[in-house]
Every structure is written in structure tokens, then in C-alpha cells.
Protein chains: 2
Amino acid sequence: MKTNLVKADFKKIVSDIDKIDTDTILVITDLNVWSLYHKELDLENNLNGKKVIVWKAPEGEKVKEFSEYQSCLEFFLAKGVHRNCHLVALGGGATSDFAGFVASTLLRGISWSIIPTTMLSMIDASIGGKVAINTGEGKNLVGSFHLPHNVWLNTVVLKTLPEEELRSGRGELLKYAFLNKDIFNEINSDDSDLDKVIELCSQYKLKITEEDFKETGNRKILNLGHSFGHVLERVYHLCHGEAVMWGMVLIFKILDRRDLLNSLQQLKILLNWGEVEPPWRHRHFPTEDIMVYLQRDKKTTSSGAIDLILIDNPGEPLIKSFKFSEVQALLEKAEDELKTFCL
Amino acid sequence: MKTNLVKADFKKIVSDIDKIDTDTILVITDLNVWSLYHKELDLENNLNGKKVIVWKAPEGEKVKEFSEYQSCLEFFLAKGVHRNCHLVALGGGATSDFAGFVASTLLRGISWSIIPTTMLSMIDASIGGKVAINTGEGKNLVGSFHLPHNVWLNTVVLKTLPEEELRSGRGELLKYAFLNKDIFNEINSDDSDLDKVIELCSQYKLKITEEDFKETGNRKILNLGHSFGHVLERVYHLCHGEAVMWGMVLIFKILDRRDLLNSLQQLKILLNWGEVEPPWRHRHFPTEDIMVYLQRDKKTTSSGAIDLILIDNPGEPLIKSFKFSEVQALLEKAEDELKTFCL
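Predicted model only: the values in this text are computed from it and were never measured. (Residues numbered from 1 in each chain as written. Chains lettered and ligands numbered in written order. Predicted model: local features only at pLDDT ≥ 70, side-chain atom pairs only at ≥ 80, totals over all residues. Heavy atoms only, no water.)

Caption draft 1: Structural detail: the packing of aromatic side chains. This structure, assessed with the given rule, holds 25 aromatic pairs over all chains. A centroid spacing of 5.7 Å and a plane angle of 75° characterise the contact between B:Trp280 and B:Phe285, whose relative ring orientation is edge-to-face. Of the two residues, B:Trp280 and B:Phe285, neither departs from the other in class, the shared state being buried. One aromatic cluster is present, formed by A:Phe66, A:Tyr69, A:Phe101, B:Phe66, B:Tyr69 and B:Phe101 through successive ring pairs. One residue, A:Arg170, lies across the ring of A:Trp273, its end atom 5.9 Å from the ring centre. When the ring centre of B:Tyr176 is taken as origin, the NZ or CZ atom of B:Lys175, which lies over that ring, is 4.6 Å away. (Phe/Tyr/Trp six-rings, centres within 6.5 Å; stacked < 30°, edge-to-face > 60°. Buried < 20%, exposed > 50% of the residue type's maximum accessible area, 1.4 Å probe, protein only. Lys NZ or Arg CZ within 6 Å of the ring centre and 35° of its normal.)

Printed below as a string of C-alpha cells:
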């Protein structure tokens, strides 16, 4: 199966949903997104003869709690769902991560599609079928691989996004720029178009994930900036994309790649970041937290080592295994300088 | 991937586990089974340099509750597991259904194997990768498809099984006899050997499930006796296999197949059932419960119909779609006669 990734306005999305071969559409959305778009979609009236069952979840990461997962499954089951139902996720990455895990386990798996409503979910969470919920032990530790049938890109919705969400999206855009030269060039071009960049990122991720669905090989490059980023996100309460950006900065920094730091700074300006200080500047640097986290990371292998993603040149990522002790030594060596470092 | 289905005593099982390419073995077992076999297996001392982490679950269906699922995942995650761990289920069908669902969702899926300790799990639950837990809305409604790497058949453990468990196993054996002529003939042969019958059933199920992993076609025949059986199991508090047997009786009866009922009676005697009265004899017949259940069954399609499994001749199953109204009419027509019917 392949994901059908298409640009679509709400009218086309509704028409595509109407064509899905099922008599029941399950919707998982968050309260805020639903209030913004449910009138325009009007699924209850626009789908010919299909039953629509809507689960409105809490906003943000709260949806990915275990109790929500159980409640949502029991809600749909009590409505008498069957295996031919199709589930539509309408919302950001947390909503689609959650909805996809529900779809992958409800009645041992039903088909599903996504209408992403944040930049981050358009270029990242919506693509590639990695779905999960959180536990007390960490994020995304319980989940599965379950490819959506359709991902509809409607960039009009980005107009209503708060600044923090946009910054989060731009952080992931930066990541893609270092992974793929076309994206790097598009951001750097004189007539750079954000919609075009978003589309390129989604298509790039789709290609990588189709080639390595279960993340046993090259898909790992998509974790650029994430191994450190996840810790920075938690320690400094950053939004995800910003944390990924600083995660990249950190890896370039400890490997002493001034050239990449310069490129990153230039892209940052082109993407309208403005001046942002590193979150660790003049503060305690969380080497210890990073080491604890790395040892719990899903990417950690049995041999006490972790695969980190490095960049040779923009568009040329590589996967390199580091022993925990190596990572710790590199971080400790850089700590003092990091405290006063600016891009 | 294919499942490696082998006859093995505990010594060979331990040696096979030792050869698995991992440094950590997770075990899910029930308290009773663990107390019976952990000394003989002695995994903690018999595996060279592998860490062993054991989750002891409650016995029977209680393990398949949502709260157990969450607790077990959090238990393993707190121990610092990684994607290269291998999970071993040691127990009956409820234990392996549960363990398989944990394996399929822990860190988005880790590999697993099964040491089935009941006849029912050897010939049914262990084979084919259908794993699930229960919810308030019904059994096995949340789960996935996750094939085990190894299933080790050690029929020695059947010696310690209580009579009810053996009866449950024999009910499923009867089902296989109607699906496959070799099994039918083996039970009917003069030197019939129970171990041989069990092996044939496991191999037969493995073949069917390999051909149709996601149960979109022929795998459905394995549900012979189950659509009605599940309701009888609940209404009359029967063990699973016995309920399946009466589910088969019911389908043969409402379709007026005296010849098949005679064959079934003969097999029943050969399998040492003794005389057992139908659970509905002189009691209320649960047509209403059956209809409610069928409409919630995972096999129910959107068109208000359900696929039932019929037998043309022993060894010749067929899948036939019935409208709910047809099923109801057939049951209502048979109700009076069923109350006094004996095999």
C-alpha cells in the first residue's frame, strides 16, 4: 500500500472522503481544530449516506495519554463500528499520532487518512505511518507502523496557526534542508515559496519512508536533530521544531562544524526566525539528562551505542554509531563553550 | 517472515532461546504456569549472558484487561528495554494473545515467540499472529496482527492440564476435523495419536494463516463454530472449545445437516467426550443475544450481513454471507426443537 499525498482544499477533501468505499467515517480531532473547521467541512451533511462518528480529543500532547486511548476505543466500539470503517484524523501531529494508533489497533486495524492542520504535521507526523501514544516512561514508546491511505495538504489552514506552531514547523523545515539539497536550494532561492517548501518536505519524507517503512535503515536519517532535540524540548520546555533545530546546532557544534552552523544561521534568517538565543545560554547544560535519555531511546541498540545522524554537506546525511561514552565525552568537552555560544 | 513451528522439549526450547540474536529476553507468563515450569526452564541461569525480565500476569482472561496491558508496558519500559529485545510468551491462549499485543506495540513492535502450555493454544491461539486484548465492549476488539518467530510445541505440558482445559482443546480439534480431511482421518484411524492430531492441527492452521495473514479471505474458515460459539460461551459460561463445538452443532442443526451431526457425534466419542447435553437443552435459547453479538462481530460487513462458515462435507468448508434477518429466521425456526434436541 502507498499513501496518496495530495494538495487539496476542503471541498476536494470532502469529495475524496465521500468516495471512500465505506458506510461509516470515524473522525478524531481536537476540540479547537473542530471548532475552527467543522462548519466548513460539514461532514454530517456533505457525505452521501455515510454515518459520521466524531471523537473530540483534548488539545496537544494530552490526547496521547493512555486513558484517552482506552476511552476513544471504547467510544467507537460502543457505537458498533466494523472493520470497513475508515478513520479520518483532523488536527496536528499529536492528534494524528494518536488517531493512527487507534486505527492500527481498533478491531486489529482499520484504514485511515489525515487532514493535517499544522505545518509540522504536514511535513512530518502525517507522513510515513509511525503512530504512537506516550507513557509515564517517555514519548511515543507505545505504538505501531500503520500507513494512512490519504494525506491531504491544505496549506490555507496555516493562516490560523499561532506563532509558536509556525516556529515549530520551521524547525523541521530546517532539518529537511540539511537532508535534501532541493529543499536547501528552494529555501535559498530568490523567489522561495513556503507552500512549495512544505510540499517538497512532505514528498521527500514520503519517499524515504516508502523505501524503509520499518526504520531498519535509511529512514533513521529523519531523526537528524532529534536525539538531543527531545531532551532539550523537555528540559527547556521548547516547542518540538525549535528543539530539533537546537538539537542540530548541538550536533554540529560538538563535532566542530562551523560551516554547517553558518549555513543553518543563513537558513534561519531566510525562514524569518529572528534572533533566538540557544536555550542553554548562561544556564545549566543538561549533559546528564541527555545521557539518561539516549540510553532509553528506541534507537539505542544492545551494544551500549546509539546511531546519531550527521551531515557531511547539506543534502548529504550519514548515520554513525556512537558509544555512549563517546557522546558523553563530546558533550562534556563542549559544555563550557556552549554556555556563551551564539549562532 | 514465517513462523518457525517445531516440536521441542524444554531443553531444546532453552537452547533455541539462547541462540536468538538479542541481549535481553522479556518473558510474559501467568503465575500458575511460571510456578510449574520456571525451575525446569531456569532461564536466568541457562541463557549465556542474556538479561531476563519476567512479567507474571494473572491467570486466564484477566490478563487481557486494559489495565494489565498498560501496567505490563510500563513495567518493561521502566526496565530500559530496547527494540532488539525478544519477548517470549509462556502460557495458554490468553497469555499469548496479550503478550503478542504487548510485543506488537512496545517501541512500535519487537519480535516474539511462544511456548504454548495448553492444547487450545498449541493448535489455535499460538498460530497465525492474531493478538488482542478485551474491552468492556467485548473480547479481542483491540489488537493487531503480529507473527511470532517461533512456536515450540511441547506436548508433555498437557499432562498437567485440568479436564476443562483438555475439553476446550478437544472442541477446537473437532473444528479442525471438519475443515481438513487429514485431521478427520487421523482422529478416525485405529491407531489415532493425540500428539499427531495436535501437530496436524497446528500445521494446518499455520498453512491457512500464511496464505491469508490479514484474514481478508480463506482464513475466515477458521471461524467455523465461532460466530455462535462466542455467544454460547458467554451465555452458558462454557469453556471456549466446548462453546465452539456447540456452535458447530448449532450451524449444522439450523441448516438441517443430520449427516454432519452424526459425524460430529462419532468424533466426539473418539475424543472421549462422554455424554454431554447441549447447554440450551430445556433452557431459554439465546436468539436475541446471538443477534446482538453478530451485529457487533468484527466479521460483520457494512451491508447488514455476516460471513458464516459452513461445511459441505468433512474437509470441505465454505464461506457464505447471510443477512441478519436470514440468520434470525433460521434460529427462530429451530428454537423449539433445540430445547429437546440431543446429539
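Still more to cover.
Caption draft 2: Broad picture of the relation of the copies chain B and chain A. Its rotation angle being 180°, the transformation that places chain B on chain A also includes 0.0 Å of axial translation and leaves an RMSD of 0.0 Å. These values place the two chain copies in the arrangement generated by a two-fold rotation axis. With an isologous cut-off of 70% or more, the 100% of interface residues of chain B that recur at the interface of chain A puts this contact in the isologous class. (Least-squares fit on C-alpha atoms with pLDDT ≥ 70 in both. Contact = heavy atoms within 4.5 Å.)

Caption draft 3: Spotlight on helix 5 (residues 93-105) of chain B. Across its 13 residues, helix 5 of chain B extends 18 Å between first and last C-alpha, which sits within 8% of the 18 Å expected from 1.5 Å per residue. Directly after helix 5 of chain B, the chain includes B:Leu107, whose backbone phi takes a positive value near 55°. (Helix = DSSP H or I, 4+ residues; strand = E, 2+ residues; numbered from the N terminus. Expected span 1.5 Å × (residues − 1).)

Caption draft 4: Summary view of the pattern of salt bridges. All names here are of chain A. Summed over the entire model, instances satisfying the criterion amount to 35 salt bridges over all chains. The closest approach of N and O atoms between Glu 210 and Lys 2, which form a salt bridge, is 3.7 Å. Here Lys 2 lies in the segment before strand 1 (4-7) and Glu 210 lies in helix 9 (residues 194-211), a separation of 208 residues in the sequence. A salt bridge links Asp 124 to Lys 205; the shortest N-O distance between them is 2.7 Å. You can see Asp 124 sitting in helix 6 (residues 119-125) and its partner Lys 205 sitting in helix 9, a full 81 residues away along the chain. According to the relative accessible area criterion, Lys 205 is buried, its value standing at 7%. Ionic contacts of the salt-bridge type, sharing partners, join the residues Lys 12, Asp 16 and Lys 19 into one network. (Salt bridge = Lys/Arg side-chain N within 4 Å of Asp/Glu carboxyl O.)

Caption draft 5: Structural detail: a negative patch on the surface. A cluster of like negative charges, contributed by A:Asp190, A:Asp191, A:Asp193 and A:Asp195, occupies part of the molecular surface. Note that A:Asp193 resides in the loop between helix 8 (181-188) and helix 9. (Patch = residues over 30% accessible without salt bridge, like charges linked within 9 Å, V, L, I, M, F, W, Y side chains within 5 Å. Areas by Shrake-Rupley, 256 points an atom, 1.4 Å probe, with all protein chains shown as cover. Lys, Arg positive; Asp, Glu negative; His and termini not counted. Charge placed at Lys NZ, Arg CZ, Asp CG, Glu CD.)

Caption draft 6: Structural context of the sheet that holds strand 3 (residues 51-57) of chain A. Residue and element names in this part refer to chain A. The 6 strands lie next to each other as 1-8-5-4-2-3, forming an open sheet whose pairing is parallel. Sheet topology places strand 1 and strand 3 at the edges, where each strand pairs with a single neighbour. Ignoring strand direction, the axes of neighbouring strands in this sheet form an average angle of 15°. As paired strands, strand 5 (residues 111-116) and strand 8 (residues 150-153) are joined by 2 bridges and run parallel to one another. Bridging from a neighbouring strand, Ser 113 pairs with Asn 150 of strand 8. Across the sheet, helix 2 (residues 31-41) lies against strand 2 (24-30), strand 3 and strand 4 (86-91), angled at about 135° from strand 2, the strand it touches most. (Pairing = 2+ DSSP bridges. Axes fitted to C-alpha atoms, helices over the stretch in contact; angles between N-to-C directions.)

Caption draft 7: The sheet that holds strand 1 (residues 4-7) of chain B, seen in detail. All names here are of chain B. With parallel pairing, the 6 strands of this open sheet are ordered in space as 1-8-5-4-2-3. Only two strands of the sheet have a single neighbouring strand rather than two, namely strand 1 and strand 3 (51-57). With direction set aside, neighbouring strand axes in the sheet form an average angle of 15°. Strands in contact with helix 2 (residues 31-41) are strand 2 (24-30), strand 3 and strand 4 (86-91); relative to strand 2, the strand with the most contacts, it is inclined by about 135°.

Caption draft 8: Region of the structure containing the interface of chain B and chain A. Each side of the interface is counted separately: chain B has 37 residues, and chain A has 37 residues. Where chain B abuts chain A, roughly 3,200 Å² becomes buried across the two surfaces, and 58% of that area is made up of carbon and sulfur atoms. Our enumeration of links across chain B and chain A arrives at 0 salt bridges. Joining chain B to chain A, the criterion identifies 6 residue pairs in polar contact (both at pLDDT 80 or more). Examining the composition of the side of chain B that touches chain A, we find that 7 residues originate from one element, helix 4 (residues 66-78) of chain B, more than from any other. Residue composition of the side of chain B that touches chain A, grouped by class: 13 nonpolar, 14 polar and 10 charged. (Buried area = accessible area lost by both parts, 1.4 Å probe. Polar contact = N/O pair within 3.5 Å; in protein donor to acceptor, adjacent residues only side chain to side chain. Nonpolar A, V, L, I, M, F, W, Y, C, P; charged D, E, K, R; others polar.)

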